[in-house]
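Per-entry structural report
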Amino acid sequence: MKQTIAQFALVVRDYDEAIDFYVGKLGFTLEEDTVMSETKRWVRIAPPGSEPGNCQVLLAKAVGEEQEMAIGNQTGGRVFLFLHTDDFEGTYQNLLYHDVKIIREKSEESFGTVAVFADLYGNLWDLIQPNT
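If you check an unreviewed UniProt entry, the protein chain appears there as VOC domain-containing protein from Rhodonellum ikkaensis.

As structure tokens, this is what we get:
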């Protein structure tokens, strides 16, 4: 049996502000933006250079108080997402250019180069260029 994670939901406050951040600032690709109803859209994004079939992010607009409370804190303050790159310096400079909040400056670790940044909601991301 073979299984893969095709996508995961990231709870957001607003579709358009999330698209502006992830596509406009991080350079993600908008894979789909389909209107499902007056209040719901199916919005999928993927990191730049992603291969077809790789895991994608579903931007899911919070509905109700419980989901709204999870925005920016889906993992209780731990790093939530791990973004690998083959161009750490270029990606890092892009974060700085777009005033993305850097939580932990870049450093060299045994597994590669890493920095921690926060998205527009405060979710923590590791930016990693793994050692080859």
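Bringing the sheet that holds strand β5 (residues 79-84) into the picture now. Across the sheet, which stays open at both edges, the four strands sit in the order β5-β8-β7-β6 with mixed pairing between neighbours. The open sheet has two edge strands, β5 and β6 (102-109), and neither has a second partner. Ignoring which end each strand starts from, the neighbouring axes of this sheet average 20° apart. Pairing geometry for β6 and strand β7 (residues 112-118), over five bridges, is antiparallel.

The residues that UniProt annotates with the feature "domain: VOC" (unreviewed entry) are residues 4-130. Its end C-alpha atoms 21 Å apart, residues 4-130 is made of 22% helix and 42% strand.

The side chains of a regular strand alternate between both faces of the sheet. Counted residue by residue, strand β3 (residues 41-46) has five buried out of six residues, so it is predominantly covered. As defined by bridge partners, strand β2 (residues 29-35) adjoins β3 across six bridges and the pair is classed as antiparallel. Across the sheet, the residue bridging to Thr-29 is Ala-46, located in β3. Hairpin connection of β2 to β3: five residues between the antiparallel strands. Pairing geometry for β3 and strand β4 (residues 56-61), over three bridges, is antiparallel. Across the sheet, Ile-45 pairs through a bridge with Val-57, a residue of β4.

Parameters and conventions
- Residues numbered from 1 in each chain as written.
- Predicted model: local features only at pLDDT ≥ 70, side-chain atom pairs only at ≥ 80, totals over all residues.
- Heavy atoms only, no water.
- Pairing = 2+ DSSP bridges.
- Helix = DSSP H or I, 4+ residues; strand = E, 2+ residues; numbered from the N terminus.
- Axes fitted to C-alpha atoms, helices over the stretch in contact; angles between N-to-C directions.
- UniProt positions renumbered as here; feature names shortened; annotations may be inferred.
- Buried < 20%, exposed > 50% of the residue type's maximum accessible area, 1.4 Å probe, protein only.

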